[in-house]
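# Geometric and topological summary
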Amino acid sequence: MKALLFAWDRPEFRAGLRHLIDLDEVPGLLAALCVDEQDHEVERRAMDLLRSGLDTAEIRHATLLLVEDADIRDNLTAGIAGGLADRPDLARSIRSALDDPDTRADLRDALESASLRATIWRVAEHQSRGRRWALVREALILMLRHRHARRLAWSLKRHGVIRELRRRPADT
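The structure reproduced in this document is the subject of the present report. (Residues numbered from 1 in each chain as written. Predicted model: local features only at pLDDT ≥ 70, side-chain atom pairs only at ≥ 80, totals over all residues. Heavy atoms only, no water.)

### Details of helix α8 (residues 101–111)
Residue pairs spaced three or four apart in an α-helix point in one direction, given the helix's 3.6 residues per turn. Condition: A simple rule labels every residue: compare its accessible area, found with a 1.4 Å probe on the protein chains alone, to the largest value its type can have, and call it buried under 20%, exposed over 50%, or partly exposed in between. Only DSSP runs of H or I with at least four residues qualify as helices, and only runs of E with at least two residues qualify as strands; both kinds are numbered from the N terminus onward. Working note: the arc is built from the helix axis to C-beta atom directions. Here a polar contact is recorded for every N or O atom pair within 3.5 Å, except that within protein the pair must consist of a potential hydrogen donor and a potential acceptor, and residues adjacent in sequence are included only if both atoms are side-chain atoms.
Here α8 has its buried residues at Thr-103, Arg-104, Asp-106, Ala-110 and Leu-111. The arc that holds the buried residues of α8, viewed along the axis, is 155°, so those residues lie on one side. For α8, the side-chain oxygen to backbone nitrogen distance between the N-cap and Asp-102 is 2.9 Å, and the N-cap itself is Asp-100.

### Considering the side chain of Arg-117
In plain terms, the rule: Residue contacts are counted whenever heavy atoms from the two residues lie within 4.5 Å of one another.
On the secondary structure map, Arg-117 appears in helix α9 (residues 114–128). Arg-117 gets classed as buried once you look at its relative accessible area, which sits at 7%. Contacts of Arg-117, omitting those with residues within four sequence positions, involve Leu-54, Asp-55, Arg-60, Leu-111 and Glu-112.

### Some remarks on the nonpolar core
Put simply, the test is: Here, nonpolar core means buried Ala, Val, Leu, Ile, Met, Phe, Trp, Tyr and Cys residues that are tied together by side-chain atoms lying within 4.5 Å of each other.
Within the largest apolar cluster, eight residues are counted, these being Val-67, Leu-84, Leu-90, Ala-91, Ile-94, Ala-97, Leu-98 and Val-161. Ranked by residues supplied to this core, first place goes to helix α7 (residues 88–99) with five residues. When neighbours within four sequence positions are excluded, Val-161 is seen to be in contact with Leu-90, Ser-93, Ile-94, Ala-97 and Leu-156. Listed in part, the five residues of the second largest apolar core include Ala-110, Leu-116, Leu-142 and Ala-149.

### Some remarks on helix α11 (residues 147–158)
Which entries qualify depends on this criterion: By definition here, a helix of n residues has an expected span of 1.5 Å times n minus one.
Look at α11: 17 Å from first C-alpha to last across 12 residues, which is about the 16 Å you get at 1.5 Å a residue. Of the positions making up α11, those classed as buried are Ala-149, Leu-152 and Ser-155. Taken down its axis, α11 places every buried residue within 125° of arc, on the same side. Gly-160 lies just past α11 and shows a positive phi near 90°.

### A closer look at the pattern of salt bridges
Just so we agree on the cut-off: Criterion for a salt bridge: a side-chain nitrogen of Lys or Arg within 4 Å of a carboxyl oxygen of Asp or Glu.
A complete count under the given rule lists 12 salt bridges for this structure. For Arg-108, the salt bridge goes to Glu-68, with nearest N and O atoms at 2.5 Å. Of this pair, Arg-108 sits in helix α8 while Glu-68 sits in helix α5 (residues 57–68), placing them 40 residues apart in sequence. The exposure class assigned to Arg-108 is partly exposed, which follows from its relative accessible area of 32%. Looking at Glu-68, the relative accessible area reads 30%, which means it is partly exposed. Between Asp-74 and Arg-95 there is a salt bridge, with the nearest N and O atoms lying 2.5 Å from each other.

### So, the packing of α5 against α8
A pair of packed helices can be characterised by two numbers: the angle between their axes and the separation between those axes. Put simply, the rule is: A fitted line through C-alpha atoms serves as each axis, taken over the contacting stretch for helices, and the angle formed by two N-to-C directions is quoted from 0 to 180°. In what follows, roughly perpendicular refers to angles from 65 to 115 degrees, roughly parallel to angles under 35, roughly antiparallel to angles over 145, and oblique to any angle outside these ranges. Just so you know the grouping, Ala, Val, Leu, Ile, Met, Phe, Trp, Tyr, Cys and Pro go in nonpolar, Asp, Glu, Lys and Arg go in charged, and all remaining residues, Gly too, go in polar.
Put simply, α5 and α8 touch, their axes get as near as 11 Å, and they point 170° apart. Taken together, α5 and α8 sit at an angle that is classed as roughly antiparallel. Where α5 abuts α8, its residues Arg-60, Leu-64, Val-67 and Glu-68 lie against Arg-104, Leu-107, Arg-108 and Leu-111. Of the residues assigned to the contact of α5 with α8, the class counts are four nonpolar, no polar and four charged.

What follows is the structure in structure tokens.
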């Protein structure tokens, strides 16, 4: 959340969002997302905004440019580390991946593919609804059909993100 609040203070970020959402709605949404026990409707609204934002080329490019900014990346990784206090190795591996320009390029390439984004959203929907087999099927499709997904997965593996995601919090 800290990273989103930091990005919100950037005029270029707000300018990109004005095409997506009523800017008066954003502070309320950010405040609702900061609450420990979020309403499922708030999470769904945030995911819908993220989906429509990533499907809009101008907003997708502006968001990816934010990840290129070292200050925002530092705040983003600090926010991730705070949210993963019980999994510090996962937080470190995510930071390592985000600090790698090659991984950021793989992320950009992956998000530029409309069919890959659609598959990612299907995977996220299946996970949020607890559809384990559908999730596995979509994840396999993602890896088999999308070269950019494979490259990004390899890059995340190289930084230890995949290994740390497989570990249970008690294993760390």
